[in-house]
Structures are given as structure tokens and as C-alpha cells.
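Fold and geometry: a report
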Amino acid sequence: MKMTTKAVTLIALLCSLLPWSASSHTQLPGVQQQQSLLIQDGNIHTGDGEVLKAYDLLIEGGMITALEPQIPAPKGAKVINANGQSIYPTLIALDTTLGLLEIDAVRASDDIAEVGSINPNVTGYVAFNADSELNTTTRSNGIGYAQVVPQRGLLSGGSSLMQLDGWDNLDALVIDRVGIHLRWPTIKIRDQARSSQSPEEQREKYQEKLAQLQTAFDQARRYFKSFRVDQVQAVDQRWQAMTQILNGAQPLFIHADDARDIAQAIAFAQREKVRMVLVGGAEADQVAVQLLRFNIPVIYTHSVGQPFKEDASYDSAYGGPARLQSLGIKYAIAYHNEGNWDVRNLPFAAGQAVAYGLTPEQALQAVTLSAAEILGVDDKLGSLRPGKQASLIIAPGDILDYSGHPITTMLIDGREVDLNNRQTQLYNKYKQRPATH
């Protein structure tokens, strides 16, 4: 059978990717800790605002058991001398598509969205690819955990918390459903010179989306009431997934940037009596009163973005975290541009916030402990304290600065992670290229 040009091109592309994809398969996930591990003489950035200089850290059974200036090495313990290097909690990347999208041009590697607008039953971890090349490059910049989020539609689905050093999606799974994600319809009306629809048609479409959203919640609430009194005749997976939102066990992540959209989203969340987390938040500081009143945290995604509006100052996006900090709003910093390959730049997005008003420890907390608090795992992750999981990184300098790299060591639950990746392989290869004339 004669093949089309498109089919030939696709096959050629897939074949060209085989060597690329093979490199991650040679890396094995870290082995469970078998002996005590003592890290000596490190400058420990705890993640909750404190810096402990020339401290030791003891890890046993994958947990931090001691944090002191000098800790005697237990019998048979492995000892790592940090020699004054910096020790940080592993960073947590929020609002990503890591493991869901590998290559934009290859449809088979794209699992970021489901068909349709109302998909609360979709869950991120189901499609997570633990062998993704993007996982290895991301963790080489200190990111050990990622919130994997389905995209598009109104109710996109439930996000999952994954650790980036697992054999498969189940081995990498930390939390299967953190909460459901709602993409709030925008009320920004464009004139016909910039849109194929008239202003009236745009308003009508906006109202249709709001009505569709309200109908979905009304149906879910009726299902929830029947479910509570054991009167559900048949399980509906869409509304079953929303029961944890309606009973307050999980938050509703609402994605919005414009102040008017955020205000409407807050009003909707209060009317539906759901626990809200704002994602995006370009103009979150403009609705600070409502955010503070209802204790709504913000996942801020614009630390390295352009101004949200044409008349905003050049640093309006960069200074967002500092404004939230000064207003007393709980927030975390995320890096969501493409949401997959560039998530590795998360520490530098936090570093950008330092240049525009945050202290280094405030910025670090925004990508560690604050992120863990929003996800509900701050009792285990996000800071370096006895009783928490031993997930940490060691770097020769400031993790929020390019000059502080490369990271020398990463541990996830006390397991040492292989930091090799495709980019370091290419770097080492071309360092050896002979000079040409």
C-alpha cells in the first residue's frame, strides 16, 4: 500500500527520536535506603525561612532523624561531607504537564487533555510517563516533585502529585487526586478587528460557558446529596470525582488572571461552598481583600512573564510574588509557560522574584514549603526538619541562581537519584569535539 507523505514524515520523525528516548532507559531509579546516611558540614536552607550554617543532617529509613551542628556517625553509616555546600529541600513544581507531553508534533506523545469541556473524572497520573526525558532534565535543576495537571476545557480533571524518579506511573505516584482544575471563562471582550466574533457573540459565548459550568455543579451536587444518603442508583464517574470537592476534602483549583475573572471565581467558590486555590493570579493583588477574607492561596505563574496588560509597568509580572508577600497572601511560585520542558527553570523564576523584592529564603519557601502546604503534604515534604522525608538537594552555590549549578546530589525519600540526562550527555560529548580550522 502506498504511504502518504504525512505518514512517511511521521515515521521518519519517530525513528529519529529512538536514540533520544533510549537514554533515559539506562538510568535506574534510586535504591531504597539500606544504611544510615550522615551529611556533614552543610549550609542547610530548611525551606521554612531558616539557614543553619555548618550543620549535620542524619537520614535513617528515608526520613530525617536529626539536624544538629555535630552528629556522631552511627555505626555502619555512609558519610557525605558537604564541605560547606548548600543543602535545600527538593523543589516542588506546581501546575505542570510533565510526563503528559513529550513532543508537541507527535500526537501519540500528547496526553495533556481529554475530549470535551466537563471532565472532572480525568486524573493526571493515569497518563504519566515515568520514562520521559523531561523528567531527567527537570530534576537535574533540583525539582523532585511535580503536580501533573490535565489541560483545556472548563473542568479539566484532577491533578496528581508525582515524584520524578520512579519505575512507572504507580511507583512515581504520591497523591492520585490533589484537586480538580477549573479554567475560568474570561470576560475580556475583543473588538471585531481582533476577533472573528462580534462583541455580542463573545458575550453570548461567555454566558454559555458560565451556564454550562453552573449546570455541571448543580448536577454534581444533586449526585452528591443522593450519594450521601445511599440513593445513587448508578455510579457516574464525572460527578463521583467531584464529591471530594463538594465535601471540602479537596480544593478546587481555579485558573484565572484578570482581576474581574478572579473576583467572579471567588464569588462562585463561595456560592458553591468549595475550598478554592487560585492558579495564575496575574492580578491577584488587586483582589487581595477577597483572597485574605476567604483564606485563598495563590499559585503564581508569572514570575518570568511579560506584563499582563499593555498599560502595566515592565516589572508588574516580576514583582507579583513580592506584592503577595507584602499583602500577607499565602502563595507559591510556579513556572508555567509551556508547562513541560521549561519547568526546569522553576528555581530561576524564584530567583527572579528575589531580584524584585523577595528575600532568598522567601523565594525558596515559595517553591518548597508553600507549595507543599497548598498540596496538603507539608507534614512530609517542603522543609528539612526531623520527622520529614529525606528529599533534598546539595549544590555548590545558590540554587536560585544559574551560577549555583550543577547540583551534585539529589535524594528522594533517602534514595540517591541519578542526575544524568540528555543535555549533560550532549554537553560532555561536544566538549571532546576536536578543534576545526
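Everything numeric in this text was worked out from a predicted model, so none of it was measured.

1. As for the packing of aromatic side chains
Per the stated rule, a full pass over the model turns up four aromatic pairs. Ring centres of Tyr318 and Tyr356 lie 5.0 Å apart, and the angle between their planes is 45°; on these two criteria the pair is classed as tilted. Residue Tyr318 is found in the loop between strand 12 (298-300) and helix 9 (320-327), and its partner Tyr356 is found in the loop between helix 10 (346-355) and helix 11 (360-366); the two are separated by 38 residues along the sequence. Residues Phe348 and Tyr402 carry aromatic rings whose centres are separated by 3.9 Å and whose planes lie at 20° to one another, so their mutual orientation is stacked. Within this pair, whereas Phe348 is found in helix 10, its partner Tyr402 is found in the loop between strand 14 (392-395) and strand 15 (409-412), the two being separated by 54 residues in sequence. Relative accessible area serves as the criterion here: at 58%, Tyr402 is assigned to the exposed category. Chaining the aromatic ring pairs together yields one cluster made of Trp184, Phe217 and Phe268.

2. Let's talk about the confidence of the model for the chain
When pLDDT is averaged along the chain, the result is 89; 91% of the residues meet or exceed 70. This stretch, residues 7-24, has a pLDDT under 50; its non-local contacts, to residues over four places away or in other chains, come to 16 contacts.

3. Side note on the pairing of strand 14
Of the two faces of strand 14, both are covered, the one formed by Leu392 and Ile394 as well as the one formed by Ile393 and Ala395. Two elements, strand 5 (residues 86-89) and strand 14, share four bridges in a ladder whose sense is antiparallel. Paired with Ile87 across the bridge in strand 14 is Ile394. As judged from the three bridges shared by strand 14 and strand 15, these two strands associate in the antiparallel manner. The residue of strand 15 that forms the bridge with Ile394 is Thr409.

4. Observations concerning the pattern of salt bridges
In the structure shown here, the tally under the stated rule is 11 salt bridges. Across the salt bridge formed by Asp236 and Arg238, the nearest N and O atoms sit 3.6 Å from each other. Residue classification places Asp236 among the partly exposed residues on the basis of a relative accessible area of 23%. According to the relative accessible area criterion, Arg238 is partly exposed, its value standing at 32%. Among the salt bridges present, the one from Arg260 reaches Asp258, with a minimum N-O distance of 3.1 Å. Look at Arg260 and you get partly exposed, because its relative accessible area is 43%. Salt bridges sharing partners connect three or more residues here, namely Asp258, Arg260, Glu283 and Lys309.

Rules of the game
- Residues numbered from 1 in each chain as written.
- Predicted model: local features only at pLDDT ≥ 70, side-chain atom pairs only at ≥ 80, totals over all residues.
- Heavy atoms only, no water.
- Phe/Tyr/Trp six-rings, centres within 6.5 Å; stacked < 30°, edge-to-face > 60°.
- Helix = DSSP H or I, 4+ residues; strand = E, 2+ residues; numbered from the N terminus.
- Buried < 20%, exposed > 50% of the residue type's maximum accessible area, 1.4 Å probe, protein only.
- pLDDT = per-residue confidence, 0-100.
- Contact = heavy atoms within 4.5 Å.
- Pairing = 2+ DSSP bridges.
- Salt bridge = Lys/Arg side-chain N within 4 Å of Asp/Glu carboxyl O.

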